[in-house]
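Commentary on secondary and tertiary structure
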Amino acid sequence: AGLKDAGYRHIHLDDCWAHARNASGYLYPDPDHFPNGMKPLADYVHSKGLVFGLYTCAGTETCVGGRPGSKDHWEQDAAVFAEWGVDWVKMDWCNTQGMTPKDTYPKMSAAMNKTGRAMHFNMCEWGKDAPWTWGPAVAQSWRMAGDHTGVWSSTKLV
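Rules used in this analysis
- Residues numbered from 1 in each chain as written.
- Predicted model: local features only at pLDDT ≥ 70, side-chain atom pairs only at ≥ 80, totals over all residues.
- Heavy atoms only, no water.
- Helix = DSSP H or I, 4+ residues; strand = E, 2+ residues; numbered from the N terminus.
- Rg over C-alpha atoms; globule rule 2.2 N^0.38 Å.
- Salt bridge = Lys/Arg side-chain N within 4 Å of Asp/Glu carboxyl O.
- Buried < 20%, exposed > 50% of the residue type's maximum accessible area, 1.4 Å probe, protein only.
- Phe/Tyr/Trp six-rings, centres within 6.5 Å; stacked < 30°, edge-to-face > 60°.
- Axes fitted to C-alpha atoms, helices over the stretch in contact; angles between N-to-C directions.
- Parallel < 35°, antiparallel > 145°, perpendicular 65-115°, else oblique.
- Left-handed = near helix turned anticlockwise from the far one by under 90°.
- Contact = heavy atoms within 4.5 Å.
- Nonpolar A, V, L, I, M, F, W, Y, C, P; charged D, E, K, R; others polar.

As for the overall build of the protein chain
Scanning the protein chain from terminus to terminus reveals five helices and seven strands. Reading the helices (α) and strands (β) of the protein chain from amino to carboxyl end gives β-β-β-α-β-α-β-α-β-α-β-α. In terms of C-alpha radius of gyration, the protein chain reaches 16 Å, essentially the compact-globule figure of 15 Å for 158 residues. Across its three principal axes, the protein chain shows a C-alpha extent of roughly 40 × 40 × 30 Å.

Some thoughts on the pattern of salt bridges
As enumerated under the stated definition, the model contains six salt bridges in all. Across the pair Asp 14 and Lys 90 runs a salt bridge whose closest N-O atoms are separated by 3.1 Å. Separated by 76 residues along the polypeptide, Asp 14 in the loop between strand 1 (10-13) and strand 2 (18-21) and Lys 90 in strand 5 (residues 88-92) bring together distant segments of the chain. We classify Asp 14 as partly exposed; its relative accessible area is 41%. One salt bridge connects Asp 43 with Lys 39, and the closest N-O pair in it is separated by 2.8 Å. Of the two residues, Asp 43 and Lys 39 both sit in helix 1 (residues 38-47), four residues apart, roughly one turn of that helix.

What about the packing of aromatic side chains?
All chains considered together, the criterion is met by five aromatic pairs. When the ring of Trp 17 is compared with that of Trp 84, the centres are 5.7 Å apart and the planes differ by 80°; the resulting orientation is edge-to-face. With Trp 17 in the loop between strand 1 and strand 2 and Trp 84 in helix 2 (residues 74-84), the pair connects residues that are 67 residues apart, well separated along the chain. As far as the burial class goes, Trp 17 and Trp 84 line up, both buried. Consider the rings of Trp 93 and Tyr 105, whose centres lie 5.4 Å apart with planes at 40°: the pair is tilted. With Trp 93 in the loop between strand 5 and helix 3 (101-114) and Tyr 105 in helix 3, this pair connects stretches of sequence that are twelve residues apart. Both residues of the pair, Trp 93 and Tyr 105, belong to the buried class. Through a chain of ring-to-ring contacts, the aromatic side chains of Trp 17, Phe 81 and Trp 84 assemble into a single cluster.

Description of the packing of helix 2 against helix 3
Describing two packed helices takes the angle between their axes plus the distance from one axis to the other. Running from amino to carboxyl end, helix 2 crosses helix 3 at an angle of 40°, the nearest separation of the two axes being 8 Å. Overall, the two elements helix 2 and helix 3 adopt an arrangement that is oblique. Relative to helix 3, the crossing made by helix 2 is right-handed. Contacts between helix 2 and helix 3 pair Trp 74, Glu 75, Asp 77, Ala 78 and Phe 81 from the former with Thr 104, Lys 107, Met 108, Ala 111, Met 112 and Lys 114 from the latter. Grouping the constituent residues of the contact of helix 2 with helix 3 by class yields six nonpolar, one polar and four charged.

Let's talk about the side chain of Asp 30
Along the chain, Asp 30 falls in the loop between strand 3 (27-29) and helix 1. Given the relative accessible area of 8%, Asp 30 is considered buried. Non-local contacts of Asp 30, meaning those with residues more than four positions away in its chain, are made with Trp 17, Ala 18, His 19 and Arg 67.

Here it is, written out as structure tokens:
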């Protein structure tokens, strides 16, 4: 009688879980919401037979929460995600002035692969730069549209 029994397979935390970077440049979670850190949470999710996913952003800050983005911290972020036991990473595309998805996403992909941990990589590129032509070499999936909300006008746009 849990989420898995109800058909769920994944638990993904979207924007606003990160608090800041420590003195060494590594992300750490919001201590008010995740006082024990991410590793115990990932372990708990795994103990329930579920996949654990986290959000990050390719730019300097995340889209909604203004939390630290992964720009120029590719290897640090990939390494800490692997250390925590993250299975799935969604990388959003905000605050990316002067960057291009085709040049940027491979940096995080390479950093994730370097960790040795299998992590699914999802790019939020919305199909604008033809990710079907270059994305399969970089990630396992990508967004094809903007955010969906639970109202009919949003559903019609998909």
